Amino acid sequence: MDIRATLTQLVEAFNDRDLDRVMAFFAEDCVLEMPRGDKPWGARFEGKPQVRAALASRLAGLPDVHYGEAEHVADESTATGVSRWTLTGTTPQGEKKNVRGCDVYTFRDGRILRKDSYWKIVE
């Protein structure tokens, strides 16, 4: 498996806002950890239906979301990848977002098992 190529394709799917294509990269028993939440790990979603709902909510909250300046690092021997990016977008209320962040991925059998997201806090 070429993790870097997979991460490139995943970012393209997010930028196209194609949730079906995004979800095709995830394993059935995947886990998504979002930056915000009431736990040290943020908000956690487990299983493909929960992950899909969380990502659908993210796309609805930033309908013009774009992940630019994407860079990917991969370690094939541990099935781990990291994507760094600058997220831009506008909320339905008109608030502009421009934030640097990264995702840490764990893969199994060519699919994403875990996506752990981090954003810089812009004040």
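Residues numbered from 1 in each chain as written. Predicted model: local features only at pLDDT ≥ 70, side-chain atom pairs only at ≥ 80, totals over all residues. Heavy atoms only, no water.

Overview of the overall build of the chain
Reasoning step 1: A tally of regular secondary structure across the chain gives 3 helices and 6 strands.
Reasoning step 2: Reading the chain from its N terminus to its C terminus gives the helix and strand order α-α-β-β-α-β-β-β-β.
Reasoning step 3: The C-alpha radius of gyration of the chain comes to 14 Å, within 12% of the 14 Å expected for a compact globule of 123 residues.
Reasoning step 4: C-alpha atoms of the chain, sized along the principal axes, occupy 40 × 30 × 30 Å.
Reasoning step 5: Looking at the chain residue by residue over its 123 residues, the buried ones come to 40%.
Reasoning step 6: Positive and negative charge centroids in the chain, built from 18 and 20 side chains respectively, lie 3 Å apart. (Helix = DSSP H or I, 4+ residues; strand = E, 2+ residues; numbered from the N terminus. Rg over C-alpha atoms; globule rule 2.2 N^0.38 Å. Buried < 20%, exposed > 50% of the residue type's maximum accessible area, 1.4 Å probe, protein only. Lys, Arg positive; Asp, Glu negative; His and termini not counted. Charge placed at Lys NZ, Arg CZ, Asp CG, Glu CD.)

Concerning the nonpolar core
Reasoning step 1: Core analysis: the biggest nonpolar cluster contains 27 residues, and Leu10, Phe26 and Leu55 have the highest contact counts within it.
Reasoning step 2: Every element with two or more residues in this core is listed here: helix H1 (3-15), helix H2 (19-23), strand S1 (26-39), helix H3 (48-61), strand S4 (80-90) and strand S5 (96-108).
Reasoning step 3: Examining the composition of this core, we find that 6 residues originate from one element, H1, more than from any other.
Reasoning step 4: Ignoring any residue separated from it by four or fewer positions in sequence, one finds Leu55 in contact with Phe14, Leu19, Val22, Met23, Phe26 and Leu32. (Core = buried A, V, L, I, M, F, W, Y, C linked by side-chain atoms within 4.5 Å. Contact = heavy atoms within 4.5 Å.)

Some thoughts on H3
Reasoning step 1: Taking 1.5 Å of rise per residue, the 14 residues of H3 would be expected to cover 20 Å, and the 20 Å separating its terminal C-alpha atoms lies within 8% of that figure.
Reasoning step 2: Turning to H3, its buried residues are Lys48, Val51, Ala54, Leu55, Arg58 and Leu59. Viewed along the axis of H3, the buried residues span an arc of 140°, placing them on a single side of the element.
Reasoning step 3: Taken together, the buried residues of H3 touch H1, H2, S1, strand S2 (42-46), strand S3 (66-75) and strand S6 (111-119). (Expected span 1.5 Å × (residues − 1). Arc of directions from axis to C-beta.)

Quick word on the pairing of S5
One face of the sheet, then the other: side chains in a regular strand alternate in exactly this way.
Reasoning step 1: Sheet topology places S4 next to S5; 11 bridges connect them, and they run antiparallel. Bridge assignment links Thr90 to a residue of S5, and that residue is Lys96.
Reasoning step 2: Here S4 hands over to S5 after 5 residues, with Gly94 in that stretch at a positive phi of 95°.
Reasoning step 3: Note: S5 against S6, 8 bridges, orientation antiparallel. In the sheet register, Gly101 faces S6, and the bridge partner there is Trp119.
Reasoning step 4: Hairpin connection from S5 to S6: 2 residues lie between these consecutive antiparallel strands, with Asp109 at a positive phi of about 50°. (Pairing = 2+ DSSP bridges.)

Some details on the sheet that holds S2
Reasoning step 1: Across the sheet, 6 strands lie side by side as S2-S1-S6-S5-S4-S3; this open sheet has mixed pairing. Of all the strands in the sheet, the pair left with one neighbour each is S2 and S3. Neighbouring strand axes in the sheet, compared pairwise and without regard to direction, differ in orientation by 20° on average.
Reasoning step 2: Sheet strands touched by H1: S3, S4, S5 and S6. Its angle to S3, the strand with the most contacts, is close to 160°. (Axes fitted to C-alpha atoms, helices over the stretch in contact; angles between N-to-C directions.)

Focus on the packing of aromatic side chains
Reasoning step 1: Going through the model one piece at a time under the given rule, you end up with 3 aromatic pairs.
Reasoning step 2: A centroid spacing of 5.0 Å and a plane angle of 85° characterise the contact between Tyr67 and Trp85, whose relative ring orientation is edge-to-face. Of the two residues, Tyr67 sits in strand S3 while Trp85 sits in strand S4, which places them 18 residues apart along the sequence.
Reasoning step 3: You can call Trp85 buried: its relative accessible area is 2%.
Reasoning step 4: By way of ring pairs, the aromatic residues Phe14, Tyr67 and Trp85 are connected into one cluster. (Phe/Tyr/Trp six-rings, centres within 6.5 Å; stacked < 30°, edge-to-face > 60°.)

The quantities given are spatial measurements derived from coordinates; they are silent on function.
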